[in-house]
Amino acid sequence: MEPKQQLKNLPAMNDLLHLDKAAVWEQALGSTALKRIINHVLAATRQKIIRGQLQQVPDLAYFTAQIDQQIADNRVRALQPVINATGVILHTNLGRAKLAPEAQQALLAVNQHATNLEYDIPQEQRGDRYRAISQVISDLTGAEDALVVNNNAAAVMLVLSTLFQNKEVIISRGQMVEIGGSFRIPEIITATGGILKEVGTTNKTHVKDYQQAINENTGGILLVHTSNYKLIGFTETPAAKNLAQLAKQYQLPLVNDLGSGLLVDLSAYGLAEPTVMQELKASDLVMFSGDKLLGGPQAGIIAGKRKLIQQLKRNQLLRALRVDKAMLAALTATLKLYQQGNPLEKIPVLRALTASQADLSQKAQQLKAQIEAKTAFAATVQSGTTAVGGGSLPDVALPTMLVGLQAPLSTAALTRALNYAPFPLIPRVNHDQVLLDMRTVATAEFDSVIDNLQQIKF
Ligand SMILES: *Cc1c(COP(=O)(O)O)cnc(C)c1O
């Protein structure tokens, strides 16, 4: 039969709404979403017939399976916790930093009760949303003052749009980077009303290049930490400490988009990333993310000179970038863990970054034993390397330990089954092996891993 003729035999919406499983589907989704899904399946089937991918109208079992698949896709697409077994500690697609229990607790508590978000209890009157958090950041970093916005991209935009309207912003050609999600530094400078003044070359920029670019319309100097890529070889970019003198001499603000937001020195672990404190010594403002190496919730933190922070607070834009109480609570609780000492133990990101190979190996053996005792899978333990992620430490390959899953399933089928498991798991796939990286799977997640594997049939 001609495809056109075939199309007449497609079931109607109403037929599919009377399939055996329709009542269960409708209970789970509501009728609007179910009808949308059925329409989608009908349209896709119609296309397949027109293109000749289906020779005739399939039976109702086909439609049931297609609708089930769409519902499963919907289920896994909804925002939910997943198990990050990729080994990438700060995986931007997987929500970056996991919060410490103390931060999770604080986040819940401020949503359960009313809060003093903008109420100053000692003064018994309206208070400043940023006062308490600014104090904590200042105490921790040594900055004169600080401010918090939604993310670091917002922090950069607020700083540029406040300080450099119609002014030239001097930036090294080696630092004109794209951060991800098409956040491009040169375009952000222009979009916020500044005038881009590029100096130097891709691989080399000297202090004298900055000096020669200064004129009566210069607004300041922008440094961008090229945290997501590394120039190696014949390179030179002045650091904040080399430019501080020049900025001071011409009374220009030196603002530093640091990105990663490391608050403890990790050089002893071979992780040579500048800390916020180091950068603050030479910069007037430092901007960094809350959910990268700091290990807190999504946030953009601006720390530095009080005069400049006060200027930022007067910008109308701040109202649009303002943070909500849950984020402030989680950030405050995270920073408190730094103040109390021992952040490497307490902050999950730092714990994952600094975990020893011996600990990871023990973890891997433990998981392998559980998998083999409780599921139909066999498991291997092997060593490997992993990346930090989140645009941090691009040149660092961390040693890690991996648990390999073995079953008579293709790599693709096993990966998909894990992705669609009750607690979706995103594995690492390497050389046709499905691997669970012990740097990012928490021991507390082992039970869920086992649960998932028990449900995969082969
Ligand atoms: C990550 C990063 C940003 C963007 O920060 P978000 O918190 O993701 O908005 C900006 N600049 C640098 C240098 C970064 O590394």
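All values derive from a computational prediction rather than experimental measurement.

Undergrad: What is the right way to look at the pairing of strand β8 (residues 254-259) in this model?
TA: Working note: regular strand, side chains alternate between the two faces of the sheet. Burial within β8 is extensive, with six of its six residues counted as buried. Of the two faces of β8, the one carrying Leu254, Asn256 and Leu258 and the one carrying Val255, Asp257 and Gly259 are both buried. Pairing geometry for strand β7 (residues 218-224) and β8, over four bridges, is parallel. By the bridge assignment, Leu222 is partnered in β8 with Val255. One ladder, built from four bridges, connects β8 with strand β9 (residues 285-289); its direction is parallel. In the strand pairing of β9, Val255 is matched with Leu285. In this fold, β8 hands off to helix α12 (residues 276-282), which returns the chain to β9; that crossover is right-handed.

Undergrad: Help me understand the site of the ligand, please; the structure alone is not making it clear to me.
TA: The environment of the ligand is formed by Arg96, Asn151, Asn152, Ala153, Ile179, His225, Ser227, Asp257, Gly259, Ser289 and Lys292. Take Asn152: an N or O atom from its main chain is 3.0 Å from an oxygen atom of the ligand. Here Ser289 contributes a side-chain N or O atom positioned 2.7 Å from an oxygen atom of the ligand. When the free accessible area of the ligand is taken as 390 Å², the share hidden by the protein chains comes to 92%. Only α8 (152-163) and β8 provide two or more residues apiece to the shell around the ligand. Looking at the shell around the ligand residue by residue, the classes come out as two nonpolar, six polar and three charged.

Undergrad: Would you take a moment to explain the pairing of β7 for this structure?
TA: Among the seven residues in β7, seven count as buried, and that is most of the element. Sheet topology places strand β5 (residues 168-172) next to β7; three bridges connect them, and they run parallel. When the sheet's bridge partners are listed, Glu168 is paired in β7 with Thr218.

Undergrad: Got a minute to help me understand empty space enclosed by the protein in this structure?
TA: By rolling a water-sized probe across the atoms, one finds the places where empty space is left. Per the stated rule, a full pass over the model turns up one cavity of 30 Å³ or more. Looking at the largest cavity, its volume works out to about 30 Å³. Forming the boundary of the largest cavity are Ile137, Leu140, Thr141, Leu263, Phe288, Leu294, Ile301 and Leu335. Of all the elements, helix α7 (residues 131-141) adds the most residues to the lining of the largest cavity, at three residues.

Undergrad: Help me understand the sheet that holds strand β14 (residues 428-430), please; the structure alone is not making it clear to me.
TA: Within a beta sheet, neighbouring strands are joined by backbone hydrogen bonds and run either parallel or antiparallel to one another. Strand order in the open sheet formed by four strands is β11-β12-β15-β14, and the pairing between neighbours is antiparallel. Strands at the two margins of the open sheet, each flanked by one partner only, are β11 (378-386) and β14. If you compare each strand with its neighbour and ignore which way they point, the axes differ by 40° on average. By the bridge criterion, four bridges tie strand β12 (residues 398-406) to strand β15 (residues 433-437) in an arrangement that is antiparallel. The partner of Gly404 across the bridge, within β15, is Leu435. Across the sheet, helix α18 (residues 357-374) lies against β11, β12 and β15, angled at about 10° from β12, the strand it touches most.

Undergrad: Honestly, the nonpolar core in this entry has me stumped. Any pointers?
TA: Generally speaking, a soluble globular protein has its nonpolar side chains buried in company with each other. Leu285, Leu335 and Leu353 are the most contacted members of the largest nonpolar core, which has 71 residues in total. Among the elements that take part in this core, α8 stands out by supplying seven residues, more than any other. One finds Ala364, Leu367, Met401 and Met438 within the second-largest nonpolar core, a separate group that totals 23 residues.

Undergrad: Looking at this structure, I do not really get the pattern of salt bridges. What am I missing?
TA: Opposite charge on two side chains makes pairing possible when the charged atoms of those side chains draw close. Counting across every chain of the model gives 17 salt bridges. One salt bridge in this structure joins Glu118 and Arg126, with 3.0 Å as the shortest N-O distance. Since its relative accessible area comes to 24%, Glu118 is described here as partly exposed. Residue classification places Arg126 among the exposed positions, given a relative accessible area of 65%. Lys368 is paired through a salt bridge with Glu372; the nearest N and O atoms lie 3.5 Å apart. Within this pair, Lys368 and its partner Glu372 are both found in helix α18, separated by four residues, close to a single helical turn. What emerges from the salt-bridge pattern is a single network uniting Glu118, Arg126, Arg129 and Arg322.

Parameters at a glance
Residues numbered from 1 in each chain as written. Predicted model: local features only at pLDDT ≥ 70, side-chain atom pairs only at ≥ 80, totals over all residues. Heavy atoms only, no water. Buried < 20%, exposed > 50% of the residue type's maximum accessible area, 1.4 Å probe, protein only. Helix = DSSP H or I, 4+ residues; strand = E, 2+ residues; numbered from the N terminus. Pairing = 2+ DSSP bridges. Right-handed = clockwise from strand over helix to strand, strands pointing away. Near = heavy atom within 4 Å. Polar contact = N/O pair within 3.5 Å; in protein donor to acceptor, adjacent residues only side chain to side chain. Areas by Shrake-Rupley, 256 points an atom, 1.4 Å probe, with all protein chains shown as cover. Nonpolar A, V, L, I, M, F, W, Y, C, P; charged D, E, K, R; others polar. 1 Å grid on protein atoms, 1.4 Å probe; cavity = no way out; pocket = protein on both sides within 12 Å on 5 of 7 lines; lining within 4 Å. Points joined across faces, edges and corners; volume = space filled by probe spheres on them. Axes fitted to C-alpha atoms, helices over the stretch in contact; angles between N-to-C directions. Contact = heavy atoms within 4.5 Å. Core = buried A, V, L, I, M, F, W, Y, C linked by side-chain atoms within 4.5 Å. Salt bridge = Lys/Arg side-chain N within 4 Å of Asp/Glu carboxyl O.

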